[in-house]
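# Commentary on secondary and tertiary structure
So the chains spell out like this:
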Amino acid sequence: MAEVVTRQFVPASQAAVKDVQLRQALRRAGSGFDGTRREAIAEVSEEVWEGWREQARKIKEHTIGHLDYYLAMLERNVAAAGGQVHFARDARQANAIVSEIARRNGVKTVTKSKSMVSEELGLNHVLEANGIDVFETDLGEYIIQLAEETPSHLVAPALHKTRGQVAQLFAEQLGVPYSEDIEEMARVARVALRQKFLEADMGVSGANFLVAETGSLVIITNEGNGRLCTSAPRIHVGLAGMEKVIPSLQDLAVFLRLLPRSATGQRISSYVSMVTGPKRAEDEDGPEEFHLIIVDNGRSRLLRDPALRESLYCIRCGACLNVCPIYQRVGGHAYGWVYPGPIGSIVTPGLVGVAEAKDLPNASTLCGACRDACPVQINIPRMLLHLRHQQAESNDENERTSSDTDKLLARGFANVMSSPLLLKLGRTVGRAVSKPLAKSGKIGETRLPLISRWTQARDLPVPAERSFRQRWRDELSKDGR
Amino acid sequence: MSQPPPVRASLFVTCIIDQLYPEVGVSVVRVLRRHGVDVDFPEGQSCCGQPLYNSGFTQEARRLAIRTLDALAGSDYVVVPSGSCGAMMRVFYEDLFADDAENLERAQQLGSRVYEFTEFLAKVLGVADDVTGDDAAGGDATGSEKVTYHPSCHLLREMRVRESPRRLLSGCSGVALVDLPEAEQCCGFGGTFAVKYPHISEEMLADKLATITQSGADTITACDMGCLMHIGGAISRQNLPVSVRHIAQILDGEQA
Ligand code: SF4
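Because the structure is a prediction, the values reported are computed rather than measured.

Listed per partner, the contact involves 51 residues of chain A and 56 residues of chain B. Sorting elements by how many residues they give to the side of chain A that touches chain B places helix H20 (residues 404-418) of chain A first, with 7 residues. Of the residues contributing to the side of chain A that touches chain B, the split by class is 24 nonpolar, 12 polar and 15 charged.

Turning our attention to the domain arrangement of chain B. You'll often see interface size given as the accessible area lost when the parts meet. All names here are of chain B. With domains assigned, chain B is organised as domain 1 (7-120) and domain 2 (130-251). Using C-alpha coordinates to define each centre, domain 1 is positioned 22 Å away from domain 2. At the interface, 22 residues of domain 1 touch 20 residues of domain 2. At 6 residues, the largest contribution of residues to the side of domain 1 that touches domain 2 is made by helix H5 (residues 83-96). For the side of domain 1 that touches domain 2, a count of residues per class yields 11 nonpolar, 8 polar and 3 charged.

For the rest of this paragraph, the subject is the site of the ligand. Residues in contact with the ligand amount to 15 residues; listed here are only the nearest, Cys314, Cys317, Cys320, Ile343 and Cys374 of chain A. Taken together, the residues that form the shell around the ligand break down as 12 nonpolar, 2 polar and 1 charged.

Moving on: the sheet that holds strand S8 (residues 245-246) of chain A. Residues and elements named next belong to chain A. Spatially, the 4 strands line up as an open sheet ordered S8-S5-S6-S9, and their pairing is mixed. The open sheet has two edge strands, S8 and strand S9 (271-275), and neither has a second partner. As defined by bridge partners, strand S6 (residues 216-221) adjoins S9 across 5 bridges and the pair is classed as antiparallel. Paired with Ile220 across the bridge in S9 is Val272. Here helix H12 (residues 249-264) sits on the sheet in contact with strand S5 (209-211), S6, S8 and S9, set at roughly 165° to S5.

Cut-offs applied
Residues numbered from 1 in each chain as written. Chains lettered and ligands numbered in written order. Predicted model: local features only at pLDDT ≥ 70, side-chain atom pairs only at ≥ 80, totals over all residues. Contact = placed C-beta atoms within 7 Å. Helix = DSSP H or I, 4+ residues; strand = E, 2+ residues; numbered from the N terminus. Nonpolar A, V, L, I, M, F, W, Y, C, P; charged D, E, K, R; others polar. Domains from an automatic or database assignment. Near = placed C-beta within 6 Å. Pairing = 2+ DSSP bridges. Axes fitted to C-alpha atoms, helices over the stretch in contact; angles between N-to-C directions.

Pasting the structure below:
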C-alpha cells in the first residue's frame, strides 16, 4: 500500500501554508476549476442540476445498498464478455494478483493511465521491484512520476507544481530545452511516451464506473492515452474500488453529465471509453486478455458503518477540494495519503484507521462548501463530526484518541455551563485573571498556554463587566415594549 | 409602517454574547421590541452545546442541549442572534438525539420554532419585505456608513439564510451596503479549529481581512459573534480602520 504519513499533518501543513509557489498553483487551479464548474451549472440551470444530483444520489444509495448483488452481476457479465474478475481483499492481495498476471505473461513494460486506486495500492513500486518498467501516460501522472512524487489532487495530480517547476523538471530529466509552453510540454511528453505505447505488453487503467449489466469498464479522460493503455497492449488490467459499480448504462448517463461538469466544468470530457472484455474475433484491435481487479482495502469497513457509508458514493470529481478553504491552503500532500481534501479526510481515516489519521477530521471549520459542491450530495461535514465523535467517545479504545486535556476541558465547560453558580464564579475568575493581561479591554499577545494560540494573531476580549443576563435583570426585563 | 403582528418570542442569547458581548444582546432586544415583539429571556439557558458537539463530545453536548430544550420548552418563537447556535438547534439536535426518541421529538419541536435573528425579522415579521437583494450595494453612499457583510458558514449553508441580512442592511437608513469580494469564503474561525490549527486559520483570516479592506467598508458585520471575535481580534491587532459590529447593533442604529 502507498506510504501513509497522515500523522505528519500539522508540520506538513505548517510548511505548506508558507510555500508561496504552492499557494499560487492552488489558487489558480482551485478558482479555475470552481469557476468553470459554476458556469457549467448556471448553463443548465440550478433546478436541472439539483435534479441530476438527486438522481445520482439515488442510484448510489441503491447500488451501495445492494453492493453484493451488483458485484456478482458485474462479475458474470465480465466473464460472459471473455474477461476475468478478481476480488482483492487488500492492497497486498491486489498487487499480488497484478504481479502474477504480469509474470505469467512475461510482461516487461507496463503503461498506465491514471488510477487513484493504483496509487492507493502502491502498485508501481511492486511492479518495479519485479523488474518491470512502468510508465504513467497521463501528462499529470507522468510529471509526478518523473519528479518521484505523489498526486496532490483527485483530478489534476500535478496541480501543486507551477508551470516553471514542470519546465525545469523536463529540462533536467528529459534533456529538452526549458519551455513553459503547455502545448510544447505536452508534445515533449507525448514523444517520450510514444515509444512506450508500442513496447508495452500490459496496460493498467483505473475506472470511473463499472457497469454491472454489461460488464463494462468506463474511463473518462481528456487526453485519450487511456484509450491507448486499454487497447494497444496484449493485456489490459483494470483496477477499481468496489464502490465503482453502477447498475446499468442508463444510470451511467446522469454521471456522464455530472462528473465532467463537477471536475473541470466541461459539458463532456474529450474521451469516454467503454471497455467490455478483451478483443473479440471481429474486432480489429484490443487486448487478448482482460482482467478486472476489484479492490476492497478497507472499503467494507466504510460500508458497514451507516454513518460513513455515503463516502462510498464519491465519484472522485475533486469539486470538494476546489471549494475547500483548507485544501486550498495546505494542498494535497499535507493530508498524508492518496486521497486529500474533504472527502480524503473521511476516506483516509476509514481506510488506514482513525487513530492513524487523527488530524484529518479535525482540520476543518465545517463550513459546508464541500457538501454544496458535491454532485452526489455527500454530507461531508456530518461524517467529519461522526469521526470526531469516534475520537472523543468511541467504545473502541484504538479509535478513542482525544487527549485527556480535551476531555477535561469538555467536561469542565459543560459543568460550568450547566450551573448558574459555576458560571458566575467562572466569570469572576475569568475577569480577575484576564484584566491584568488586558490593555483597553483586550488581551494582546500572551504566553498563557492555549490562549496564546488565539492571541498570536488576534486580540481577545475580556468578559464584560455585566453579563447579558445581568443586564436583562437590571434594565431590560421590566422595560416591556 | 403598518401595525406589526403581536408576536411573542424568547431570546436565546448564546453564551458568547452573554459573557463577552452583552451589548449585542441588548441591541437584539431593542430591535425586536421596536418591531412590536414581546421578548422574554428564559433564564435557564446557557450554551446550546455546539462547541462540545463540534469537538465530538456528544455526551457533554447532550447535557447542555437538554438544558436548552427545558429552558425553551414554553416559547412560541425562539430568536437566536447566531447562525451557528441556530444551526445547532435546528439541524444538529436531530442528530444528537437520534437514539433518544423523547428528546428527539422535543428537539424537532424546538427546531420548527427556532429562527436566526435576521431570518426572524424577515420571515416572521416581514421586515424589509419591500427591499430586494439587488438594492444591496450601490446605494447612495454619501454621508452613510459603508458596511460590508460576511455571511457566516452555518447561517448560509446549514440554516440556509442568504438574503435577509443583506436586505435588512440595505433597508437601514444611514447605511450603504458594499460588496465583500469572495464573501462566502469561510473566515477560518471554526470554533476550536482556530486554536487547534492556528496556522491554517490565520491564513484564511488574512484573506478575509484583505477582502474587507478591498471592499472599502468602514464597518464589517455578520450575524455571528464567533466569526466577528476572530475577524475583529485581528482587526484590533493590526489597528485597521474598520469597526466590527454584529448586525443587530447596526439595525439598532447604535454608533460605532
Ligand atoms: S466527495 Fe463529492 S465533490 Fe468530493 S470528490 Fe467525491 S463526488 Fe466529488
